Amino acid sequence: MPGVKRQRDGNVSVLTLDEPDTLNAMTPDLLGDLAVAIGEVNDDPEVRALVLTGGGRGFCSGQNLKAAQVLGEDIAAGVMKYYWPAFKAMRECRVPVIVAVNGVAAGGGFSLAMSGDMIVAARSARFIQVFSRIALVPDLGSTWLLPRLVGRQRALELMMTNEPLSADLAKEWGLVREVFDDAALRDGALELARRLASGPTRALVATRRLIDESEHASYADQFRREIETQAEIRRSADAMEGRNAFLEKRAAVFTGR
């Protein structure tokens, strides 16, 4: 059965899509297990950052067409039942999420990569929309995520031409934070995850939530929402530690609480 491999590196959880024979093509089983694995991360207070990557030669090649019949005749209902929980879990994870793209991220795999907080990539990574090649439209959140990351024109270019986007160009466009030699990808992703794991987890995740909410809010509404969130977060143990460390002129030691 396809699934997700779970590993730990200190307080960083590493989840690996583990169906390498299909380049980790999406199935209800694979994404169902991903949703479960992220739920386990949320339930573990010792985990303070998450890395998602792909096993084998690629991150995710998109939808496994052989598994499409499982979705049923009502495709929208099937996708929302079997696929949306994993994407929602990525977007709402209790800790920061780093996606380490090795090899191809195509179609829905491209969408999955964008659902995390930051992307790092191997030098050999390629991002491909692919949908219009088979006369379909982008899905699994691509039309919401990609324009916000690279802008409308570049998003349309990728979606209409199906030209692969190299890791280096993806970094230049702002889609990818950092590019590593292939053999160094895991270590590079872990280094970033450890840095985030040592930070004020609640504040970092609340920042993500505010950014997402701002897409649909007016300036005045978002101004107020920030202050409401600030009032809540400033009571956290990490916020108190941050203030004390500033006053005492020392480095803060955050616990994620």
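On a predicted model such as this, the values are computed, not experimentally measured, just so you know.

A. Broad picture of the layout of surface pockets. Approximately 980 Å³ is the volume attributed to the largest pocket. Taken together, 34 residues make up the lining of the largest pocket; nearest its centre are F87, G108, D139, L140 and G141. Residue assignment for the lining of the largest pocket shows that the elements contributing at least two residues are α2 (75-82), α3 (84-91), α5 (142-150) and α9 (201-214). Considering only residue class, the lining of the largest pocket consists of 19 nonpolar, seven polar and eight charged.

B. Focus on the domain arrangement of the chain. Here the domain parsing of the chain yields domain 1 (4-198) and domain 2 (201-248). Relative to domain 2, the C-alpha centre of domain 1 lies at a distance of 27 Å. Across the contact, 12 residues belong to domain 1 and seven residues belong to domain 2. A buried area of about 810 Å², summed over both sides, lies between domain 1 and domain 2, and 42% of it is on carbon and sulfur atoms. For the domain 1 face of the interface with domain 2, the top three residues by lost area are R91, W144 and R148, together amounting to 44%. The closest approach of N and O atoms between R148 and E215, which form a salt bridge, is 3.0 Å. Summed over the shared surface of domain 1 and domain 2, the result is seven residue pairs in polar contact (both at pLDDT 80 or more). Taken together, the residues of the side of domain 1 that touches domain 2 sort by class into six nonpolar, no polar and six charged.

C. The sheet that holds strand β2 (residues 12-18), seen in detail. Ordered in space as β1-β2-β3-β4-β6-β9, the six strands form an open sheet in which the pairing is mixed. The sheet terminates laterally at β1 (3-9) and β9 (178-180), the two strands that pair on one side only. Averaged over neighbouring strand pairs, the angle between their axes works out to 25° when direction is ignored. When β2 meets strand β3 (residues 49-54), the two strands line up parallel, connected through six bridges. Across the sheet, the residue bridging to V14 is V51, located in β3. Taken strand by strand, helix α1 (residues 28-43) contacts β1, β2 and β3, and its axis lies near 25° from that of β1. Docked against the sheet, helix α8 (residues 185-197) engages β1, β2, β3, β4 (97-101), β6 (118-122) and β9, running at close to 160° with respect to β6.

About the cut-offs
- Residues numbered from 1 in each chain as written.
- Predicted model: local features only at pLDDT ≥ 70, side-chain atom pairs only at ≥ 80, totals over all residues.
- Heavy atoms only, no water.
- 1 Å grid on protein atoms, 1.4 Å probe; cavity = no way out; pocket = protein on both sides within 12 Å on 5 of 7 lines; lining within 4 Å.
- Points joined across faces, edges and corners; volume = space filled by probe spheres on them.
- Helix = DSSP H or I, 4+ residues; strand = E, 2+ residues; numbered from the N terminus.
- Nonpolar A, V, L, I, M, F, W, Y, C, P; charged D, E, K, R; others polar.
- Domains from an automatic or database assignment.
- Contact = heavy atoms within 4.5 Å.
- Buried area = accessible area lost by both parts, 1.4 Å probe.
- Salt bridge = Lys/Arg side-chain N within 4 Å of Asp/Glu carboxyl O.
- Polar contact = N/O pair within 3.5 Å; in protein donor to acceptor, adjacent residues only side chain to side chain.
- Pairing = 2+ DSSP bridges.
- Axes fitted to C-alpha atoms, helices over the stretch in contact; angles between N-to-C directions.

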